[in-house]
Amino acid sequence: MGAWVTNAEQRLGRDEIAQLLAQHGRPRWWSNGPGDTYAPHAHAYHKVLYCVTGTIIFHVDGEDHMLSSGDRLDVEADTEHAATVGPEGVQCGEVAVEE
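The rules behind the values
Residues numbered from 1 in each chain as written. Predicted model: local features only at pLDDT ≥ 70, side-chain atom pairs only at ≥ 80, totals over all residues. Heavy atoms only, no water. Helix = DSSP H or I, 4+ residues; strand = E, 2+ residues; numbered from the N terminus. Rg over C-alpha atoms; globule rule 2.2 N^0.38 Å. Buried < 20%, exposed > 50% of the residue type's maximum accessible area, 1.4 Å probe, protein only. Contact = heavy atoms within 4.5 Å. Salt bridge = Lys/Arg side-chain N within 4 Å of Asp/Glu carboxyl O. Core = buried A, V, L, I, M, F, W, Y, C linked by side-chain atoms within 4.5 Å. Patch = residues over 30% accessible without salt bridge, like charges linked within 9 Å, V, L, I, M, F, W, Y side chains within 5 Å. Areas by Shrake-Rupley, 256 points an atom, 1.4 Å probe, with all protein chains shown as cover. Lys, Arg positive; Asp, Glu negative; His and termini not counted. Charge placed at Lys NZ, Arg CZ, Asp CG, Glu CD.

**Section: the overall build of the protein**
Within the protein one finds 1 helix and 7 strands. Ordered by position from N to C terminus, the α and β elements of the protein give β-α-β-β-β-β-β-β. Compactness check: the protein gives a C-alpha radius of gyration of 12 Å against a globular reference of 13 Å for 99 residues, within 12% of the reference. Each principal axis of the C-alpha atoms in the protein carries an extent, and together these give about 35 × 30 × 20 Å. Out of the 99 residues belonging to the protein, those deemed buried represent 40%. When contacts within the protein are restricted to residue pairs at least 6 apart in sequence, long-range pairs at least 24 apart make up 78% of them.

**Here's the deal with the pattern of salt bridges**
All told, the structure shown has 3 salt bridges when counted by the stated rule. For R28, the salt bridge goes to E94, with nearest N and O atoms at 3.2 Å. Within this pair, whereas R28 is found in strand β2 (residues 28-32), its partner E94 is found in strand β7 (residues 81-97), the two being separated by 66 residues in sequence. By relative accessible area, which is 5% here, E94 ends up buried. In this structure, E94 engages K47 in a salt bridge whose closest nitrogen and oxygen atoms are separated by 3.5 Å. Residue E94 is located in strand β7, and its partner K47 is located in strand β4 (residues 46-60); the two are separated by 47 residues in the primary sequence. Connected via shared salt-bridge partners are R28, K47 and E94.

**Looking at the nonpolar core**
Among the nonpolar cores identified, the biggest contains 14 residues, and L49, I56, F58, L67, L73, V90 and C92 are the most heavily contacted of them. Looking at which element gives the most residues to this core, the answer is β4, with 5 residues. The next biggest cluster of nonpolar side chains, apart from the first, holds 8 residues, and it includes L12, I17, V48 and V97.

**Brief notes about a negative patch on the surface**
A cluster of like negative charges, contributed by D61, E63, D64 and E80, occupies part of the molecular surface. Structurally, D64 is set in strand β5 (residues 63-68).

Shown next, in the form of structure tokens:
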């Protein structure tokens, strides 16, 4: 179990991110305000998430993974994770990967 970040080599727009997510399934879009948090939780599926705008820190296995525009986060099924939204808020797109 685990999670990993793939940092973007360049800023990606929402349309580009939508195309990347569509390769894995149907994207779901969400956003949060500055400082919002997600308590520790897990999913029964592999999650692929892209940060569209803003920043968010995912807390996984005692490590912090910072995402900003264009960065990708993969979270394997049953991996507990939490998150803290950055000071400017965040917008993300994600998909549940059917394996």
